[in-house]
Amino acid sequence: MIEAHGQNLVFLCSTPRAGSTLLSAILSNHSQVHCPNEPWFLLGLSALFQRTNLTFAAYDHAGVEVGLQQFLTEPQFVDAARAFALQAYNGALRQTGKVLFVDKTPRYYHILPFLERLFPQAK
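In this text, all values refer to a predicted model and were calculated from it rather than measured experimentally.

Can you help me understand the pattern of salt bridges in this one?
Between side chains of opposite charge, pairing is possible as soon as their charged atoms come close. Inspection of every chain in the model, using the stated rule, returns 3 salt bridges. The closest approach of N and O atoms between Lys104 and Glu38, which form a salt bridge, is 2.8 Å. Of the two residues, Lys104 is situated in the loop between strand S3 (100–103) and helix H5 (112–118) and Glu38 in the loop between strand S2 (33–34) and helix H2 (41–49); the sequence distance between them amounts to 66 residues. The exposure class of Lys104 is buried, given its relative accessible area of 1%. Taking the shortest distance from any N to any O, the salt bridge between Glu74 and Arg117 comes out at 2.8 Å.

Structure below.
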């Protein structure tokens, strides 16, 4: 189970075509490691609150940012994002019976400060 500050959570970030898929396949062979194919969800979650260039949305993304910033403080948003991520990660772990989750989403290098705020003890 992933704890509140990210114990038992690993982020595998890399540039494209750097071998992260091979590494995740190797890690997945361990009996206690769950490393599914690129969840990506934290990229979208981080973009909800930050002034991020979004190329396409079926809604007014700027309006969502303004609405969330008026509704929540940044620490409240981080706490809510953490709760969402924990529910998603731990739900996946419960289904597999494994204890360590490796999120192999290479492009998370775009949101490293957000990951650090959510899960300061993750690897």
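Moving on from the coordinates now.
Teacher, can you tell me more about helix H3 (residues 61–71) here?
The periodicity of an α-helix, 3.6 residues per turn, causes residues three or four positions apart to be oriented the same way. Every buried residue of H3 is accounted for by His61, Glu65 and Leu68. Buried residues of H3, viewed axially, fall in a sector of 70°; they line one side. Every exposed residue of H3 that faces more than 90 degrees away from the buried side is listed here: Gln70 and Phe71. In this fold, the buried residues of H3 make contact with H2 and helix H4 (74–96).

Just to check I follow, could you spell out H2 for this structure?
Among all positions in H2, only Leu42, Leu43, Leu45, Ser46, Ala47 and Phe49 are buried. Buried residues in H2 make contact with strand S1 (9–11), H3, H4 and H5.

Before we go on, may I ask you to explain the pairing of S3 in this structure?
Two faces belong to every sheet, and in a regular strand the side chains alternate between them. In terms of strand pairing, S1 meets S3 through 3 bridges, oriented parallel. The residue bridging Leu9 from the neighbouring strand is Phe101, located in S3. Pairing of S2 with S3, which is carried by 2 bridges, proceeds in the parallel orientation. Within S3, the position partnered with Val33 by the bridge is Leu100.

Would you mind showing me how to read unusual backbone geometry here?
Across the chain, the bulk of peptide bonds are trans and the bulk of non-glycine residues have phi less than zero. In this structure, Asn8 takes a positive phi of about 70° despite not being glycine. Along the chain, the position of Asn8 falls in the segment before S1. According to the relative accessible area criterion, Asn8 is partly exposed, its value standing at 33%.

Help me understand the packing of H2 against H3, please; the structure alone is not making it clear to me.
For any two helices packed against each other, one specifies the crossing angle of their axes together with the interaxial distance. Between H2 and H3, whose axes approach to 7 Å, the crossing angle comes to 70°. Considered as vectors, H2 and H3 are oriented roughly perpendicular to each other. Contacts between H2 and H3 involve Ala47, Leu48 and Phe49 from the first element and His61, Val64, Glu65, Leu68 and Gln69 from the second. Taken together, the residues that form the contact of H2 with H3 break down as 5 nonpolar, 2 polar and 1 charged.

What counts and what doesn't
- Residues numbered from 1 in each chain as written.
- Predicted model: local features only at pLDDT ≥ 70, side-chain atom pairs only at ≥ 80, totals over all residues.
- Heavy atoms only, no water.
- Salt bridge = Lys/Arg side-chain N within 4 Å of Asp/Glu carboxyl O.
- Helix = DSSP H or I, 4+ residues; strand = E, 2+ residues; numbered from the N terminus.
- Buried < 20%, exposed > 50% of the residue type's maximum accessible area, 1.4 Å probe, protein only.
- Arc of directions from axis to C-beta.
- Contact = heavy atoms within 4.5 Å.
- Pairing = 2+ DSSP bridges.
- Axes fitted to C-alpha atoms, helices over the stretch in contact; angles between N-to-C directions.
- Parallel < 35°, antiparallel > 145°, perpendicular 65-115°, else oblique.
- Nonpolar A, V, L, I, M, F, W, Y, C, P; charged D, E, K, R; others polar.

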